[in-house]
Amino acid sequence: MTAHDFATLTNNAHEDWTLFAIRFHDKPGAGELRRQLLQAHLEWAAENAEMVRAIGSLRESPESTPVGGLWVVRAPDKATVEALIATDPFTTGGLRAGWDIFYWSKALPQPVTF
């Protein structure tokens, strides 16, 4: 097993950005609204891919309606993340009941790929 310097891996003080994880909560029963806004949301995500590094819905099971979403965002500060969220069609269209913004530290050095 390789030893990792977690202090170095989780500290991006040398960068002009920080990583954030955002957990979104959709309004209950808003599946139809989500479907109506989805195309605009996906286009918005593509336009903001420089900051929104990973994005997707959260579900209780693979076949169920999403209950929210999860993003990983690279931004200079929390205020920038909040401003970004405010422009998302899922936010402006009234789908979101709320969200939690967390500072995120990637613990392992390998790139994230799927």
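Here's what I pulled together on the structure shown here.

## Some thoughts on the nonpolar core
Okay, step 1: Among the nonpolar cores identified, the biggest contains 13 residues, and Phe-20, Ile-22, Trp-71, Val-73, Val-81 and Ile-85 are the most heavily contacted of them.
Okay, step 2: Contributing elements (two or more residues each) for this core: strand 1 (18–26), helix 2 (31–47), strand 3 (68–75) and helix 3 (78–87).
Okay, step 3: Setting aside residues up to four positions removed in sequence, Ile-85 forms contacts with Ile-22, Phe-24, Trp-71, Thr-91, Trp-99 and Ile-101.

## Overview of the pairing of strand 1
Okay, step 1: Taken together, the eight bridges between strand 1 and strand 3 define a ladder with antiparallel strand orientation. Following the sheet pairing, Ile-22 is matched in strand 3 by Trp-71.
Okay, step 2: Bridging between strand 1 and strand 4 (residues 96–103) involves seven bridges; their strand directions are antiparallel. Following the sheet pairing, His-25 is matched in strand 4 by Gly-98.

## Quick word on the side chain of His-41
Okay, step 1: You can see His-41 is positioned in helix 2.
Okay, step 2: Judged by its relative accessible area of 6%, His-41 falls in the buried class.
Okay, step 3: There is a polar contact of 2.7 Å between the side chain of His-41 and the side chain of Asp-88.
Okay, step 4: Those residues within four positions of His-41 in sequence are excluded, and the remaining contacts are Ile-55, Trp-71, Asp-88, Pro-89, Phe-90 and Arg-96.

## Concerning the packing of aromatic side chains
Here the distance between the centres and the angle between the planes together describe a pair of aromatic rings.
Okay, step 1: Applying the stated rule across the entire model yields four aromatic pairs.
Okay, step 2: Ring geometry for Phe-24 versus Trp-71: centroids 4.4 Å apart, planes at 55°, classification tilted. Of this pair, Phe-24 sits in strand 1 while Trp-71 sits in strand 3, placing them 47 residues apart in sequence.
Okay, step 3: Trp-71 gets classed as buried once you look at its relative accessible area, which sits at 1%.
Okay, step 4: Taken together, Phe-24, Trp-44, Trp-71 and Trp-99 form an aromatic cluster joined through their ring pairs.

Thresholds applied
- Residues numbered from 1 in each chain as written.
- Predicted model: local features only at pLDDT ≥ 70, side-chain atom pairs only at ≥ 80, totals over all residues.
- Heavy atoms only, no water.
- Core = buried A, V, L, I, M, F, W, Y, C linked by side-chain atoms within 4.5 Å.
- Buried < 20%, exposed > 50% of the residue type's maximum accessible area, 1.4 Å probe, protein only.
- Helix = DSSP H or I, 4+ residues; strand = E, 2+ residues; numbered from the N terminus.
- Contact = heavy atoms within 4.5 Å.
- Pairing = 2+ DSSP bridges.
- Polar contact = N/O pair within 3.5 Å; in protein donor to acceptor, adjacent residues only side chain to side chain.
- Phe/Tyr/Trp six-rings, centres within 6.5 Å; stacked < 30°, edge-to-face > 60°.

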